[in-house]
Amino acid sequence: MTDPLLTLRPWESPEVTSWGRMPMNAVDRRTGAHSLDGDWRFQLLTAPGAPVGGAWSTAAVPGVWTMQNAGKADDPLRATVDLPQYLNIRMPYAEFPPLSPVDDNPTGVYEREIDIPAEWAGRRIVLQVGAAESVLLVHVDGRPVGVSKDSHLAAEFDLSDVVRPGERSTVRLTVVKWSDASHIEDQDHWWHGGITRSVLLYATDPLYLADVTVRARADGELRIDCLVRDAGGALPEGWYVSGELDGLALTQDAAFDLANAEDERVSDFLGEARIAARVPEVRTWNAETPELYGLTVRLHRADGTVADISRHRIGFRDVEVVGRDLLVNGERVYIRGVNRHDFHPLTGRTVSYDDMRADLVLLKRFGFNAIRTAHYPNDPTLYDLADELGFYVVDEADIESHDHAHEIADDPRYLNAFVDRVSRMVLRDKNHPSVIIWSLGNESDYGANHDAAAGWVRRHDPTRPLQYEGAAKRGWADPDVASDIACPMYAPLEDCVAHALSGEQTKPLIQCEYSHAMGNSNGTLSDHWAAIEATPGLQGGFIWEFWDHGILQRVNDGRPVGRGGAGLYGNGVAAPGYRWAYGGDFGEKDHDGAFIADGVVFPDRTPKPVMYEHRELAAPVRVSLFRHEGLVLSNHQHFRGLEWLRGEWELALADGRTLTAPAQLPDLRPGETAVVPLPLELPADGGEAWLTLRVTTAEDLAWAPRGTEVCAPQVLLRTASADGDGDPVVSGRVEVDDDGLLVHPLLTAAPTLSLWRAPTDNDELGGMALRWRTWGLDSLVRKVVSIHRDGASVTVLAEYAGTTGVVRHRQVFTPVEDGIRVDEQAELPEEFEDVARVGSVFETVAGLDLLEWFGQGPWESYPDRSGGAPVGHHALSVDELFTPYLRPQESGGRHGVRRFTLSAPEADDLGPTGLAVTLDEPRQVSVTRYRAEDLTAAAHHDELVPRAGCVVHLDAAHRGLGTASCGPDTFASYLVAPGVHHWSWTLRAL
Ligand code: IPT
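As recorded in an unreviewed UniProt entry, the protein goes by Beta-galactosidase and comes from Streptomyces vulcanius. In its Catalytic activity (unreviewed entry) section, the UniProt entry covering the protein states "Hydrolysis of terminal non-reducing beta-D-galactose residues in beta-D-galactosides."

Following this line, the structure appears as structure tokens:
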């Protein structure tokens, strides 16, 4: 028998967005529903038309088959199983929209029995499939029931006429991976196939709430619009709705009924009712104090009995664009945002409540207050959590046609799909206070299809602004494009500032993507925030992105670990025998490599160092020095005081002392400042002095237990005194070998000049690493020119030859008390106009595992990413110093290091226990177990073989990180220029 769903070939008909699917709505049916999650019978076909009838395996629902090795797991990689593939912009196949490969189109067939409870007799029975990609075909007992596209939103099908209460039915969900819809789901993440969110079955009374739309304003005005339907068609007489808001009874609005009754256009067939109220002394919702109210809406039959219930948690708040400001409850709020995908290293796209909560809790702890749901509506629970924990959400429709953007934006065959996707998102999410802006999608050029979708949103929900980067690109101030926000991506900061200062700005400027977090990145984030906070018209942006999308993979057979592999990793690193897979690791022919690893957290959610930078930039309380007599404390929040915070002062002195004193945080309203006296008397001696306010949560919060660190603003109280003549020279002998290399019992490799760092992703993709390789900086050839003894000092002149230039390097070794002073000078030729670093590198004996330093820390920091690392006395094991970026690269650096010791924590009494280095001024230092060449050669972290000793870099100058893998490079002030560089340091044995 021919199946009409297959005959129609909906996977190549963009005009067909659904068939038999019910309209989207905001009634939450999760409570009381029967879950159909679990193992389903499963077959993976090569194409949608291929015969079903082979052997069934099982697949977990929700889940993607690409992560489950579903099919025959013992086949060679990619032979009969379908594995994840990572491509950013390019489509994975050559077919032009709307077509996809005819013969090679993995199609998953999921089947299971469902028992329909006998007590559902007479009720409306609905199947809800949370999400399936990219085309879902539904059959029940062999009968075609429906079709749905739009991979990140639920589809509902009315089964009332298909199943029989008290009987068993077979549900088949056929999921076709490639389709016309794939061309508008060309987002930058892994391609998967499967059912990614829960499947439910529920029943309602024939008389039911088809939709509920809540508008709750900051002044307490509440409007609830209910759409009522009856499965039988005509509505019964006398139905009505009621509501309850945290115990406050709400009734149906008679004025609305009257107006409807008098309006001849309104039929009795479509049930519309309104509840209107004004809530006195309303507690408004905002991201800092996300006050929610419990709302229950009831639909009654004429006799008062309840036919249907819809429960919501709502927030009273306003959002509007006034001039060039985005206002929440009248306040111009900063958007400290991040782009977030639904991602998990074991399940691909399926994320649990606990996962999502953990994401948002982490973001809260690191100062984020906004999320862009890149690039599709996220799991519905995400929005509940955003409401509850306090996030501003830019809700983005599932439209990205990147590879064929220009063709599709005006293609009328895709018109319906654009409007469908945007409208379904709005219909689902409109009641969330967290959602403050709708986004029409991502990277899809700009065309009539967007304007059509924008028109729908503006009519349906005039309460929120709308944004679309592709439209804003036509002109940040252009009133005629479908974007109320100027929301560029990766715009140079100077362009943003210039726009804000031009006098022509008409819309808030909030970058939808900026500060690309690939590898060791996010340089200049603090410069961005300094400009944002200093420039009216700039309001923030969304960092790209939250996750490094590394998939946990077994190294021996290349398979994804899949569900149940939890606990195999921690601290950002996959356990031995596993690795974080990125593009190409599943044998994909076409892929975009490590570009998928560009988040602020590792795949196990371990925060990368940039998170600490961000936390400090978002500090709710700031400190500055007031005429050296006192301190200015300020409240940098928008809505609340400092009462939820507790502080402690910490004074770090260069002589090694750290003094503390309790802090009394003043009672400050948002934006207010107060002058407080210095909390500690500054000791007359002790040298350089830094005062830090360690701010923690004063009580348990939904997102942080009491005592969680919130920020640590710092002021310099006293600069280092000039060192006089330095360490007195003592008589003694410095040993160098015939090559002029220092001989020292603690060093296994003598200090030499280094101009190379293992390229960061920014260095590689920004083209810098290529230039450095062309100049030969990765393989400089050292030649000693002269060795000269002058009294106790030895001067070594050497030349380091690259392919295009020669660097002259001088080292003067002078014995000082207990050690050796090394004065260095390097002269870079003009052609080495922009290098990674200029400094010394040496290697130590094994066993020196503890680094203690006075400088910035404790986390990794670089010249253009050092705002979140306060100066103080820090200590970490050498292994902890290293940041395990997925693709090994320069890492583990610490900025502003004044001195350090490297010691053996458990040294015996024989021989030296370590070494101490004092630097002439604060310098960039790194101590790792890897040479730059080790890091450069490895493609994954698990390929690195730690050396027994330490590799120590002391840099006279170190280039900033920037964000050139996608976006602007670092600023000129963070570049390492050619010419003469000087630096000195002293090496002592402990
Ligand atoms: C931009 C995309 O919107 C985002 O999905 C991601 O790919 C990001 O860049 C880079 O990781 S598109 C880019 C070509 C500007």
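On we go.
Caption draft 1: Spatial organisation of the site of the ligand. For the ligand, the set of nearby residues contains 15 residues, the closest of which are D188, H375, N442, E513 and H516. For the ligand, an oxygen atom lies 2.6 Å from a polar atom in the side chain of H375. At a separation of 2.8 Å, an oxygen atom of the ligand approaches a polar side-chain atom of H516. Its free accessible area being 380 Å², the ligand has 88% of it covered by the protein chains. Looking at side-chain class alone, the shell around the ligand contains 6 nonpolar, 5 polar and 4 charged residues. Two domains share the shell around the ligand, each providing at least three of its residues, namely domain 1 (4–204) and domain 3 (322–548 + 599–612).

Caption draft 2: Structural detail: the sheet that holds strand β37 (residues 630–635). An order of β36-β37-β40 is seen for the 3 strands of this open sheet, with the pairing classed as antiparallel. Two strands close off the open sheet at either side, each with one partner strand: β36 (621–626) and β40 (673–677). Here the strands of the sheet are splayed against their neighbours by 30 degrees on average, with no regard to which way each runs. Taken together, the 6 bridges between β36 and β37 define a ladder with antiparallel strand orientation. From the neighbouring strand, L625 faces β37, where its bridge partner is L631.

Caption draft 3: Broad picture of the packing of aromatic side chains. Inspection of every chain in the model, using the stated rule, returns 19 aromatic pairs. Where F842 meets W985, the ring centres are 5.3 Å apart and the plane angle is 15 degrees; that geometry is what we call stacked. Here F842, found in strand β49 (residues 837–844), pairs with W985, found in strand β55 (residues 979–989); they are 143 residues apart in sequence, far enough to count as distant. Relative accessible area serves as the criterion here: at 0%, F842 is assigned to the buried category. Taken together, F42, W65 and Y110 form an aromatic cluster joined through their ring pairs. Here R41 stacks its cationic end above the ring of W56, 5.8 Å away from the centre of that ring. Over the ring of Y208 we find R124, and its NZ or CZ is 3.4 Å from the ring centre.

Caption draft 4: The arrangement of the pattern of salt bridges in detail. Taken as a whole and assessed by the stated rule, the structure comprises 79 salt bridges. The salt bridge partner of R340 is D359, with a shortest N-O separation of 3.0 Å. Here the residue R340 occupies a position in the loop between β25 (335–339) and α3 (353–365), and D359 occupies one in helix α3, the gap between them amounting to 19 residues. For the pair formed by R340 and D359, the shared burial category is buried. With a shortest N-O distance of 3.1 Å, R622 and E533 are connected by a salt bridge. Here R622, found in strand β36, pairs with E533, found in helix α10 (residues 525–534); they are 89 residues apart in sequence, far enough to count as distant. The partly exposed category is assigned to E533, whose relative accessible area is 27%. One network of salt bridges, in which partners are shared, links R21, D150, E185, D398, D420, R421 and R424.

Caption draft 5: Region of interest: the nonpolar core. L360, V600, W649 and L693 are the most contacted members of the largest nonpolar core, which totals 116 residues. The biggest single contributor to this core is helix α6 (residues 415–429), with 6 residues. Ignoring anything within four residues of it in the chain, the contact list for W649 reads V623, L631, L633, L659, T660, A661, P662, A663, P679, L691, T692 and L693. Counting residues in each nonpolar core, the second largest holds 56 residues, with L876, L954, A957 and V976 among its members.

Caption draft 6: Region of the structure containing the domain arrangement of the protein. You can read the domains of the protein as domain 1 (4–204), domain 2 (218–314), domain 3 (322–548 + 599–612), domain 4 (550–596), domain 5 (620–712) and domain 6 (747–989). Taken over C-alpha atoms, the centre of domain 3 sits 28 Å from the centre of domain 4. Counting from both sides, the interface comprises 15 residues of domain 3 and, opposite them, 17 residues of domain 4. Taking both sides of the interface into account, the surface hidden between domain 3 and domain 4 amounts to around 1,100 Å²; carbon and sulfur atoms contribute 64%. Counting every contact that joins domain 3 to domain 4 gives 0 salt bridges. Applying the counting criterion to the domain 3 and domain 4 interface returns 6 residue pairs in polar contact (both at pLDDT 80 or more). Residues that form the side of domain 3 that touches domain 4 fall into these classes: 7 nonpolar, 5 polar and 3 charged.

How each quantity is defined
- Residues numbered from 1 in each chain as written.
- Predicted model: local features only at pLDDT ≥ 70, side-chain atom pairs only at ≥ 80, totals over all residues.
- Heavy atoms only, no water.
- UniProt positions renumbered as here; feature names shortened; annotations may be inferred.
- Near = heavy atom within 4 Å.
- Polar contact = N/O pair within 3.5 Å; in protein donor to acceptor, adjacent residues only side chain to side chain.
- Areas by Shrake-Rupley, 256 points an atom, 1.4 Å probe, with all protein chains shown as cover.
- Nonpolar A, V, L, I, M, F, W, Y, C, P; charged D, E, K, R; others polar.
- Domains from an automatic or database assignment.
- Pairing = 2+ DSSP bridges.
- Helix = DSSP H or I, 4+ residues; strand = E, 2+ residues; numbered from the N terminus.
- Axes fitted to C-alpha atoms, helices over the stretch in contact; angles between N-to-C directions.
- Phe/Tyr/Trp six-rings, centres within 6.5 Å; stacked < 30°, edge-to-face > 60°.
- Buried < 20%, exposed > 50% of the residue type's maximum accessible area, 1.4 Å probe, protein only.
- Lys NZ or Arg CZ within 6 Å of the ring centre and 35° of its normal.
- Salt bridge = Lys/Arg side-chain N within 4 Å of Asp/Glu carboxyl O.
- Core = buried A, V, L, I, M, F, W, Y, C linked by side-chain atoms within 4.5 Å.
- Contact = heavy atoms within 4.5 Å.
- Buried area = accessible area lost by both parts, 1.4 Å probe.

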